[in-house]
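Chain residues, written in single-letter form:
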Amino acid sequence: QQPVQSPQAVILREGEDAVINCSSSKALYSVHWYRQKHGEAPVFLMILLKGGEQMRHEKISASFNEKKQQSSLYLTASQLSYSGTYFCGTEDFRWGFGNEKLTFGTGTRLTIIP
Amino acid sequence: DARVTQTPRHKVTEMGQEVTMRCQPILGHNTVFWYRQTMMQGLELLAYFRNRAPLDDSGMPKDRFSAEMPDATLATLKIQPSEPRDSAVYFCASGLGQQFFGPGTRLTVL
């Protein structure tokens, strides 16, 4: 089952902050975040492997709440280059091992305006 | 720099025709994924391979789709016969953990 992302779309002025959420109905081994610009391929941002882990990519950070089966992506002081669609990819927890197979969320379209 | 390559980049074909898409993963990556992206369904995993062996192809319509890795430098996705509902962008990705996506093949079936 596909993880649910919220919001579906957000418009920010340059310099503003945003939070994108990703929730799954399944227990998770890991959460991956990707960004895709229009007409391009998804590009990896970060992986979160442990419950409560936080990672950072430039001014973008993320957290993973294993118990709640959810992850959040935090974009701080947004830049024009952050525009694009953000996808979370979840990896199921099965028998103590991840299976490397990602199920991607529906995506969150982020538009940054000057 | 190392990157995943895909051919063709664009393909327009008529319903019923065979379509073959090719992917060259990054050298040394032994895990290769095929995804399909549409506006309605988003990014869906079709199949993936480890060391050229198929691990999971449950996302792929079995009657018309097939995926293979003839060697470590080539992965193929074939659709026969193609249908208009197959129109989508097909991505190949390689890597374990961090996945590196190719530029995609935009397929239009008329």
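Report follows, based on the coordinates.

Conventions we followed
Residues numbered from 1 in each chain as written. Chains lettered and ligands numbered in written order. Predicted model: local features only at pLDDT ≥ 70, side-chain atom pairs only at ≥ 80, totals over all residues. Heavy atoms only, no water. Disulfide = S-S within 2.5 Å. Helix = DSSP H or I, 4+ residues; strand = E, 2+ residues; numbered from the N terminus. Buried < 20%, exposed > 50% of the residue type's maximum accessible area, 1.4 Å probe, protein only. Salt bridge = Lys/Arg side-chain N within 4 Å of Asp/Glu carboxyl O. Contact = heavy atoms within 4.5 Å. Polar contact = N/O pair within 3.5 Å; in protein donor to acceptor, adjacent residues only side chain to side chain. Pairing = 2+ DSSP bridges. Axes fitted to C-alpha atoms, helices over the stretch in contact; angles between N-to-C directions. Buried area = accessible area lost by both parts, 1.4 Å probe. Nonpolar A, V, L, I, M, F, W, Y, C, P; charged D, E, K, R; others polar. Phe/Tyr/Trp six-rings, centres within 6.5 Å; stacked < 30°, edge-to-face > 60°.

Side note on the state of the cysteines
As enumerated under the stated definition, the model contains two disulfides over all chains in all. The disulfide bridge from cysteine 22 of chain A ends at cysteine 88 of chain A, spanning 2.1 Å between sulfur atoms. The disulfide joining cysteine 22 of chain A to cysteine 88 of chain A has a torsion of about 75 degrees about its S-S bond and is therefore right-handed. Placement of the pair is cysteine 22 of chain A in strand β3 (residues 18–23) and cysteine 88 of chain A in strand β9 (residues 84–94), with a sequence separation of 66 residues. By the burial criterion, cysteine 22 of chain A is buried, and cysteine 88 of chain A matches it. Shown here is the disulfide that connects cysteine 23 of chain B with cysteine 92 of chain B, its sulfur atoms set 1.9 Å apart. Between cysteine 23 of chain B and cysteine 92 of chain B, the disulfide has an S-S torsion of -55 degrees and is therefore left-handed. Highlighted residues: cysteine 23 of chain B in strand β3 (residues 19–24) and cysteine 92 of chain B in strand β9 (residues 88–94), separated in sequence by 69 residues. With a relative accessible area of 0%, cysteine 92 of chain B lands in the buried category.

So, the pattern of salt bridges
Scanning all chains against the criterion turns up seven salt bridges over all chains. The partner of lysine 26 of chain A in a salt bridge is aspartate 92 of chain A, with the nearest N and O atoms 3.4 Å apart. Residue lysine 26 of chain A is located in the loop between β3 and β4 (28–36), and its partner aspartate 92 of chain A is located in strand β9; the two are separated by 66 residues in the primary sequence. Given a relative accessible area of 33%, lysine 26 of chain A falls into the partly exposed group. The salt bridge partner of aspartate 57 of chain B is lysine 62 of chain B, with a shortest N-O separation of 3.5 Å.

Some remarks on the environment of arginine 50 of chain B
In this structure, arginine 50 of chain B sits in strand β5 (residues 42–50). Beyond its immediate sequence surroundings of up to four residues, arginine 50 of chain B is in contact with Glu100 of chain A together with Asn30, Thr31, Leu55 and Leu96 of chain B. Polar side-chain contacts of arginine 50 of chain B include one of 2.7 Å to the side chain of threonine 31 of chain B.

Observations concerning the pairing of strand β6 (residues 53–56) of chain B
Where a strand is regular, its side chains alternate between the two sheet faces. All names here are of chain B. The pairing of β5 with β6 spans three bridges and is antiparallel. Of the residues in β6, the one forming a bridge with phenylalanine 49 is proline 54. What sits between the antiparallel neighbours β5 and β6 is a turn of two residues, in which asparagine 51 has the positive phi angle 50 degrees.

What to know about the sheet that holds strand β1 (residues 4–6) of chain A
Residues and elements named next belong to chain A. Strand order in this open sheet of five strands is β1-β3-β8-β7-β6, and the pairing throughout is antiparallel. Both outer strands of the open sheet, β1 and β6 (54–57), are each paired with one neighbouring strand and no more. Taking each pair of neighbouring strands and ignoring which way they run, the sheet shows an average axis angle of 15 degrees. Sheet analysis places strand β7 (residues 60–65) next to strand β8 (residues 70–75), joined by six bridges and oriented antiparallel. Looking at the pairing, isoleucine 60 lines up with leucine 75 of β8.

Quick look at the interface of chain B and chain A
Opposite the 18 residues of chain B that make contact, chain A presents 15 residues. Here chain B and chain A share an interface that buries about 1,400 Å² over both sides, 56% of which is from carbon and sulfur atoms. Our enumeration of links across chain B and chain A arrives at one salt bridge. Where chain B meets chain A, there are three residue pairs in polar contact (both at pLDDT 80 or more). Sorting the residues of the side of chain B that touches chain A by element identifies β4 (31–38) and β5 of chain B as the ones contributing at least two each. Broken down by class, the residue content of the side of chain B that touches chain A amounts to nine nonpolar, seven polar and two charged.

Quick word on the packing of aromatic side chains
Residues and elements named next belong to chain A. By the definition in use, this model includes ten aromatic pairs over all chains. Centroid distance phenylalanine 87 to phenylalanine 104: 6.5 Å. Interplanar angle 90 degrees. Geometry classified as edge-to-face. Within this pair, whereas phenylalanine 87 is found in strand β9, its partner phenylalanine 104 is found in strand β10 (residues 97–104), the two being separated by 17 residues in sequence. Given a relative accessible area of 4%, phenylalanine 87 falls into the buried group.

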